[in-house]
Amino acid sequence: MSKSIRKTIIGSGFIASKFKKKLQYYKKYNITIYAAGISNSLEKNKKNLSREINKIKKFIKLNTKQLIYISTYSILDKSRKDKPYVKNKIIIENIIKKSTNEYLIIRLPEIVGGNKNLNTLTNFFYEKINNNKSFLLFKNVRRNILDVDDAINKSIILIKKYYKKQKTINLLNKSFYTPEKIVKTFEKILQKKARYKKKKIINNSFNLNDSYFLNFNKNYLLKVLEKYYLK
């Protein structure tokens with residue numbers, strides 16, 4: 001790694017690649033968007049988790065621009081707060097807040113966008129339903145869904161407005177959906193019946209302070225799933 005960070009985008013994954021396609025809209029700003037990290041929210045490998053933390057520490061020491069960090073709103077979900085992936089994100093956010101004078105942390109929800117990561121919520125449901133496989137369905141939780149195009153476009157607006165601040169923003173769809181609602185929507189567009197057993201989970205509540213909500217019509221979930229999964 002060079003003595004200073006000059007890149008505008010850090011990361012090679014799905015979200016980073018989407019930001020790179022919009023580079024002309026914010027390249028003039030003195031920022032680095034850090035969209036790198038573990039893509040599997042079920043990750044438990046301690047070496048991989050430690051590596052993610054060490055990478056952000058090294059990056060902060062060398063970074064010469066204002067830092068925009070792409071995080072996850074799962075941090076707000078009490079039912080997921082003990083997962084290693086979420087704990088890692090909390091540690092990283094705290095490192096950023098203690099180590100940098102100017103930062104913007106944008107927490108994104110469940111992103112839908114045609115990526116091939118089977119660990120995402122909608123990809124998981126699609127793969128199970130489309131291949132007639134059974135799965136467990138948590139019946140008393142809520143999930144937040146955003147089209148990646150909406151997430152990136154609004155993130156750019158927030159970056160332009162807050163990039164010189166010390167701020168954390170939860171970028172969310174105003175509507176939350178139960179997993180069963182998402183599955184029923186998949187059944188509609190795929191014309192297939194899902195095979196699942198319901199399981200109860202407790203303490204699925206959120207602290208939604210500092211949230212920026214996007215308003216969509218009641219057909220948003222259907223339209224987003226059709227956009228990426230109807231072939």
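Every chain is numbered independently, its residues counted from 1 as its sequence is written. Given that this is a predicted model, residues contribute local features only at a pLDDT of at least 70 and side-chain atom pairs are listed and counted only at 80 or more, while totals for whole chains, interfaces and linings are drawn from all residues. Hydrogens and water molecules were not included; the side-chain quantities draw on all heavy atoms of the structure.

A. Looking closely at the overall build of the protein chain. Strands are runs of DSSP state E lasting at least two residues, helices are runs of H or I lasting at least four, and both sets are numbered from the N terminus onward. For the protein chain, the helix and strand inventory stands at 7 helices and 11 strands. Our radius of gyration looks at C-alpha atoms and nothing else; its globule reference is 2.2 Å times the residue count to the power 0.38. Here the C-alpha radius of gyration of the protein chain, 18 Å, is about what a compact globule of 231 residues would show, namely 17 Å. When its C-alpha atoms are laid out on the principal axes, the protein chain stretches across 55 × 35 × 30 Å. When the 231 residues of the protein chain are sorted by exposure, 51% land in the buried category. Contacts: residue pairs with any heavy atoms within 4.5 Å of one another. When contacts within the protein chain are restricted to residue pairs at least 6 apart in sequence, those whose partners lie at least 24 apart make up 80%. For the protein chain, the accessible area works out to roughly 12700 Å², and carbon and sulfur atoms hold 48% of it. Counting rule applied: Lys, Arg positive; Asp, Glu negative; His and chain ends not counted. To locate a charge, take NZ of a lysine, CZ of an arginine, CG of an aspartate or CD of a glutamate. Side-chain charges in the protein chain split into 54 positive and 15 negative, and the spacing between the mean points of these groups amounts to 4 Å. Buried, partly exposed and exposed residues are distinguished by accessible area as a fraction of the type maximum, computed with a 1.4 Å probe on protein chains only: under 20%, between the cut-offs, and over 50%, respectively. Note that accessible areas follow from Shrake-Rupley with a 1.4 Å probe, and for residues the cover is restricted to the protein chains shown.

B. Layout of the confidence of the model for the protein chain. Every residue is assigned a pLDDT by the predictor, reflecting its confidence on a scale from 0 to 100. On average, residues of the protein chain carry a pLDDT of 91, and 95% of them reach 70 or more. Element-level pLDDT for the protein chain is lowest in strand β11 (residues 211–214), with a mean of 92, against a maximum mean of 98 in helix α7 (residues 220–229).

C. Broad picture of the packing of helix α1 (residues 14–21) against helix α5 (residues 148–162). Interaxial distance between α1 and α5 falls to 10 Å at its minimum, and their mutual angle equals 60°. As judged from the angle between their axes, α1 and α5 are oblique. Handedness of the α1/α5 crossing: right-handed. Facing α1, whose interface residues are Phe14, Ile15, Lys18 and Phe19, α5 presents Val148, Asp149, Ile152, Ser155 and Ile159. Angular values range over 0 to 180 degrees, each being the angle between N-to-C directions of two axes fitted as lines to C-alpha atoms, with helices fitted over their stretch in contact. Just so you know how the angles are binned, under 35 degrees is roughly parallel, over 145 roughly antiparallel, 65 to 115 roughly perpendicular, and the rest oblique. Handedness of each helix crossing follows the sense of rotation of the near helix against the far helix: counterclockwise by less than a right angle gives left-handed, clockwise gives right-handed.

D. Broad picture of the environment of isoleucine 111. You can see isoleucine 111 is positioned in strand β5 (residues 110–112). Judged by its relative accessible area of 14%, isoleucine 111 falls in the buried class. In the structure, isoleucine 111 is positioned 99 residues away from aspartate 210 in sequence and 19 Å away in space, judged by C-alpha atoms. Residues in contact with isoleucine 111, not counting those within four places in the same chain, are Phe14, Ile15, Leu146, Val148 and Ala151.

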